[in-house]
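# Survey of secondary and tertiary structure
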Amino acid sequence: MTDSAESSSFRLAYVPGVTPAKWVRIWAERLPDTPLTLLQVTPAEASDVLREGAADAAFVRLPVDRTVFSAIPLYTETSVVVVPRDHLITAAEEVTVDDLADEVVLHPLDDVLGWERLPGEAAFERPETTEDAIELVAANIGVLVVPQSLARLHHRKDLTYRTVVDAPRSDIALAWPEDATTELVEDFIGIVRGRTVNSTRGRAQQAPAPQRKDERRKPQPGGGTGKATAGGARGRSGGTKGGAAKGGGRRGPGGGKPRRRS
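Residues numbered from 1 in each chain as written. Predicted model: local features only at pLDDT ≥ 70, side-chain atom pairs only at ≥ 80, totals over all residues. Heavy atoms only, no water.

## Considerations on the nonpolar core
Soluble globular proteins tend to bury their nonpolar side chains together. Short version of the rule: For our purposes a nonpolar core is just a set of buried Ala, Val, Leu, Ile, Met, Phe, Trp, Tyr and Cys residues, chained together by side-chain atoms within 4.5 Å. Here the term buried applies to any residue with accessible area under 20% of the maximum for its type, exposed to any over 50%, and partly exposed to those in between, with areas from a 1.4 Å probe on protein chains only. Runs of H or I in DSSP of at least four residues are treated as helices and runs of E of at least two as strands, each being numbered from the N terminus. Whether two residues are in contact is decided by their heavy atoms: any pair within 4.5 Å suffices.
Among the nonpolar cores identified, the biggest contains 34 residues, and Phe10, Leu12, Trp27, Phe59, Leu174 and Phe188 are the most heavily contacted of them. For this core, the elements supplying multiple residues, two or more each, are β1 (10–14), α1 (21–30), α2 (43–51), β3 (57–61), β4 (69–77), β11 (170–177) and α5 (183–192). When residues in this core are grouped by element, the largest group, six residues, is from α5. Other than its neighbours up to four places away in sequence, Leu174 contacts Leu12, Ala57, Ala58, Phe59, Ser70, Ala71, Ile72, Leu74, Phe188, Ile189 and Val192. Membership of the second largest hydrophobic core comes to 13 residues, among which are Val81, Leu100, Leu113 and Ala167.

Listed below in structure tokens is the structure:
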């Protein structure tokens, strides 16, 4: 971790479809004196923003260059096909890639699914953005397969979507430059990972471990534990209650055993 001084604010970039509100709220509660600045970027811009130092960390879509960036995968998104509400596909709850074979499947230039082979029929040209592709779906030009968060982001009343069970999926991760792992980055990592306020990055001193019972009981002179008995300590050789016998505890004349009482 870098030992550089903390900056006056924390700059967090995020790609469309990611909702950082929960983590931003926790940050404000834990570090109220360090403002967090949000910066929305396209998936293509995310790596450059981090590399150029315009953001301290970013929610990105994998993959990223792991020789330059550290990344913590967070979750994988379901892929869906966006269609008009009266489309035949809406008759099913889920569809497969093969179900799109007769459809014109739009492939925007900012696609994030990384298809090896796009299903269905190719459109005459590729839309510039996912938002442009959504407009074409509304105009009945074709259908669009995207991560579910993007379908929600570009929601329209005249469109709906269905899960495509075997389509490629998109992984969301928190990434930051490996050589710029500052204390604020560590704080944000702790928040994203769900650490408590006392465990985040270990800033709070840990409470000393409670002593065990046998450690609290100090040895007494002569090897005893200091635990009192009713009426005093009991002698090792069977002395009476209340201490040693009179006369120094002698056994009687001749050194014999004391006589039993009848």
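Don't stop here, the text continues.
## Notes on α5
Burial of α5 is extensive: nine of the 10 residues sit out of reach of the surface. Taken together, the buried positions of α5 are occupied by Leu184, Val185, Glu186, Asp187, Phe188, Ile189, Gly190, Ile191 and Val192. Where α5 is buried, its residues contact β1, α1, β2 (36–40), β3, β4 and β11. Looking at the residues trailing α5, positive phi occurs at Gly194, about 85°.

## Observations regarding the packing of aromatic side chains
What counts here: Between the rings of Phe, Tyr and Trp (Trp by its six-membered ring), a pair exists once the centres lie within 6.5 Å; its type follows the angle of the planes, with under 30 degrees stacked, over 60 edge-to-face, and the other angles tilted.
Considering all chains together, one arrives at five aromatic pairs under this definition. Here the aromatic cluster, defined as three or more aromatic residues joined through ring pairs, consists of Phe10, Trp23, Trp27, Phe59 and Phe188.

## Concerning the sheet that holds β1
Our working definition: At least two DSSP bridges between two strands are required for those strands to pair. The convention used is that axes are lines fitted to C-alpha atoms, helices contributing only their stretch in contact, and that angles between N-to-C directions extend from 0 to 180 degrees.
Sheet architecture is open: five strands sit in the order β2-β1-β3-β11-β4, paired in mixed fashion. Lying at the two open borders of the sheet, with one neighbouring strand each, are β2 and β4. Looking at each pair of strands side by side, their axes are set apart by 20° on average, direction ignored. Across four bridges, β3 lies against β11 in antiparallel orientation. Across the sheet, the residue bridging to Val60 is Ala173, located in β11.

## Looking at the environment of Val143
Tracing the chain through its elements places Val143 in strand β9 (residues 143–147). Residue Val143 is classed as buried on the basis of its relative accessible area, which comes to 1%. C-alpha separation for the pair Val143 and Leu100, spaced 43 residues apart in sequence, amounts to 8.7 Å. Sequence-distant contacts of Val143, defined by excluding residues within four places in its chain, comprise Val81, Val82, Val83, His87, Glu103, Val104, Val105, Leu106 and Val137.

## Quick look at the pairing of β9
Counting buried positions over the five residues of β9 gives five, a clear majority of the element. Pairing of strand β5 (residues 79–84) with β9, which is carried by four bridges, proceeds in the antiparallel orientation. Pairing of Ser79 across the sheet is with Pro147, part of β9. Here strand β7 (residues 104–106) runs beside β9; their pairing, made up of two bridges, is parallel. Within β9, the residue paired with Leu106 across the bridge is Leu144.

## Focus: unusual backbone geometry
As a rule of thumb, non-glycine residues mostly have phi less than zero, and peptide bonds are mostly trans rather than cis. Residue Pro63 follows Leu62 across a cis peptide bond; omega there is 10°. Mapping Pro63 onto the fold places it in the loop between β3 and β4. Its identity as a non-glycine residue notwithstanding, Asn140 has a phi of 65°, on the positive side.

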